[in-house]
Amino acid sequence: MNLNTELSADLDRLKGAHLHRRLRRTESPPGPWAVVDSRRVLVLGSNNYLGLATHPLVREAAREATETWGTGASGSRLTSGNLDLHEALERDLADFKHTEAALLFGSGYAANVGTIPALAGPGDLILSDKLNHASLIDGVRLSRAEFRIYDHNDADHVRELLHDRDRFRRCLIVTDGVFSMDGDLAPLPELQTIAAEHGAWLYVDDAHGAGVLGGSGGGSLEYFGMQPGNTIQMGTLSKALGSEGGYIAGSRVLIDYLRNSARSFIFTTAPSPAPVAAARAALRLLRAEPERREQLSLNSGHLRALLSQRGVVTADSVTPIIPVLIGSSQRALAVSESLENAGVWAPAIRPPTVPEGAARLRVSVMATHTVEDLERAADAIAEAMG
Ligand code: PMP
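Keep in mind that this is a model prediction, so the values were computed, not measured.

Undergrad: Hey, could you run me through the packing of helix α2 (residues 56-69) against helix α11 (residues 273-288) in this one?
TA: Any two packed helices are characterised by how steeply their axes cross, that is the angle between the axes, and by the distance between the axes. Direction vectors running N to C along α2 and α11 enclose 145°, while the axes themselves pass 7 Å from each other. For α2 against α11, the interelement crossing comes out right-handed. Residue-level contacts link L57, V58, A61, A62, A65, T66 and W69 of α2 to P273, A274, A277, A278, A281, A282 and L285 of α11. Among the residues making up the contact of α2 with α11, the classes are represented as 13 nonpolar, one polar and no charged.

Undergrad: Help me understand the site of the ligand, please; the structure alone is not making it clear to me.
TA: Around the ligand there are 14 residues in total, and G108, D205, H208, T236 and K239 lie nearest to it. D205 places a side-chain nitrogen or oxygen 2.6 Å from a nitrogen atom of the ligand. K239 is positioned with one of its side-chain polar atoms (N or O) 3.1 Å from a nitrogen atom of the ligand. Starting from 390 Å² of accessible surface for the ligand in isolation, the protein chains cover 81%. Class assignment of the residues belonging to the shell around the ligand gives a composition of two nonpolar, nine polar and three charged.

Undergrad: What's the story with helix α1 (residues 3-16) in this structure? I'm lost.
TA: Residue pairs three or four apart in sequence face the same way in an α-helix, which turns once every 3.6 residues. In a regular helix each residue adds 1.5 Å, so 14 residues correspond to 20 Å; α1 covers 20 Å between its end C-alpha atoms and thus fits that length. The N-cap residue of α1 is N2: its side-chain oxygen and the backbone nitrogen of N4 are 3.0 Å apart. Positive phi appears at H18, one or two residues downstream of α1, with a value of about 60°.

Undergrad: I'm lost on the UniProt feature "modified residue: N6-(pyridoxal phosphate)lysine" (unreviewed entry) in the protein in this one. Help?
TA: In the numbering used here, UniProt assigns the feature "modified residue: N6-(pyridoxal phosphate)lysine" (unreviewed entry) to K239. With respect to the element layout, K239 can be found in the loop between β8 (231-236) and β9 (246-250). A relative accessible area of 15% places K239 in the buried class. Leaving out residues up to four positions away in the same chain, K239 has contacts with N47, N48, Y49, A207 and H208.

Undergrad: Hey, could you run me through the UniProt feature "domain: Aminotransferase class I/classII large" (unreviewed entry) in the protein in this one?
TA: Following the UniProt record, one finds the feature "domain: Aminotransferase class I/classII large" (unreviewed entry) at residues 41-381. Strand forms 17% of residues 41-381 and helix 41%; the C-alpha atoms that close the span are 14 Å apart.

Undergrad: How should I be thinking about the environment of A186 in this particular structure?
TA: The topology assignment puts A186 in the loop between β6 (171-176) and α7 (188-197). With relative accessibility at 1%, the residue A186 sits in the buried group. The sequence separation of A186 and D129 amounts to 57 residues, and the corresponding C-alpha distance is 9.2 Å. With residues up to four places along the chain from it excluded, the contact list for A186 reads N153, T175, D176, G177, F179, L191 and F224.

Undergrad: I tried to follow the pattern of salt bridges on my own but got confused; where do I start?
TA: Applying the stated criterion across every chain, the model contains 18 salt bridges. Here E60 ties to R63 by a salt bridge, and the two come within 2.8 Å at their closest N and O atoms. Separated by three residues within a single helix, E60 and R63 lie in helix α2, roughly one turn from each other. For E60, a relative accessible area of 34% gives the class partly exposed. Measuring nitrogen to oxygen at the nearest pair gives 2.7 Å for the salt bridge that ties R167 to D164. For R167, a relative accessible area of 59% translates into the label exposed. The class for D164 is buried, based on a relative accessible area of 13%. Taken together, the salt bridges that share partners define one network made up of E146, R148, D164 and R167.

Thresholds applied
- Residues numbered from 1 in each chain as written.
- Predicted model: local features only at pLDDT ≥ 70, side-chain atom pairs only at ≥ 80, totals over all residues.
- Heavy atoms only, no water.
- Axes fitted to C-alpha atoms, helices over the stretch in contact; angles between N-to-C directions.
- Helix = DSSP H or I, 4+ residues; strand = E, 2+ residues; numbered from the N terminus.
- Left-handed = near helix turned anticlockwise from the far one by under 90°.
- Contact = heavy atoms within 4.5 Å.
- Nonpolar A, V, L, I, M, F, W, Y, C, P; charged D, E, K, R; others polar.
- Near = heavy atom within 4 Å.
- Polar contact = N/O pair within 3.5 Å; in protein donor to acceptor, adjacent residues only side chain to side chain.
- Areas by Shrake-Rupley, 256 points an atom, 1.4 Å probe, with all protein chains shown as cover.
- Expected span 1.5 Å × (residues − 1).
- UniProt positions renumbered as here; feature names shortened; annotations may be inferred.
- Buried < 20%, exposed > 50% of the residue type's maximum accessible area, 1.4 Å probe, protein only.
- Salt bridge = Lys/Arg side-chain N within 4 Å of Asp/Glu carboxyl O.

Take a look at the structure:
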């Protein structure tokens, strides 16, 4: 059989299981409404939680950085590509996360797959939540450390799996801060205590918490009133901050260590000036306009209430991610398609992104949705769920 025939057979199997994915084409900027595949739809699937990706000051910062610095950094950070601008953003991020230092990566994915293997390897132990994001799972696998999966958010299970911690050199407990497909929070205070008791590090992927949770938008640790201590915080610039790139925030020593060991930091070109400057502008807006975060929180609570009034069951949470559980991939696709026909875009999420039998709509709310948008969304979802 030739390679194309083999691959076609694999694709047919995916199609048969309702797991084949196709790209949707967005033909307008990423707002609460967008033109997708030539139709104007209400968007319920964006991570642009605060609407900053299209904010005039963020756009202006990106434009100005391109004028000043050019389009590409033209080298890796450790060779010729380390710009003043990168270091300025790293200082801003450390301030934002209340840590000594921060390190910028090309994406959140790169931050996870580079940092975890830099911190743990053969002879080390990693405990990983069952529902962790794929980039954490890939980082754990790449590390070649022994890893154990604990039941979702189950601190007792974590303790149990640490029974032979002494056999290992280093130990890492790895979790999402806000789970990307469920919108719930990890029990971080408890995990931090367990880590401290066992001489372990806690590694928190706060991609969906940063800019959203906490008094100043600092994320999940700030939400819980925690000090960083033994906790390493990862984040991304691509969601609430409306840009692209990832980062690790932690102690000066940790950051210097990662600069010298994280392969996805070392062996890649430094981020381009435009997204770096855009993220700096977004961080300034986050500080100057806390009302965006407050509006996001109001909108999230409001959509949850509207859905519940219409008999649509969702999990209770403080985040803008609202999972509407459906079960089978086939039905999730059908519900998503019927929503799309009603002019509402809420992506169906299927395995392997979520566990088998847990296909869902992943509804995400933005600060820029109006009350009318949210009512329209709730009506359409209730109708499509039948
Ligand atoms: N971690 C989590 C929890 C995420 O949801 C994502 C993005 N889907 C990432 C990491 C990767 O971030 P990025 O898109 O910046 O690569």
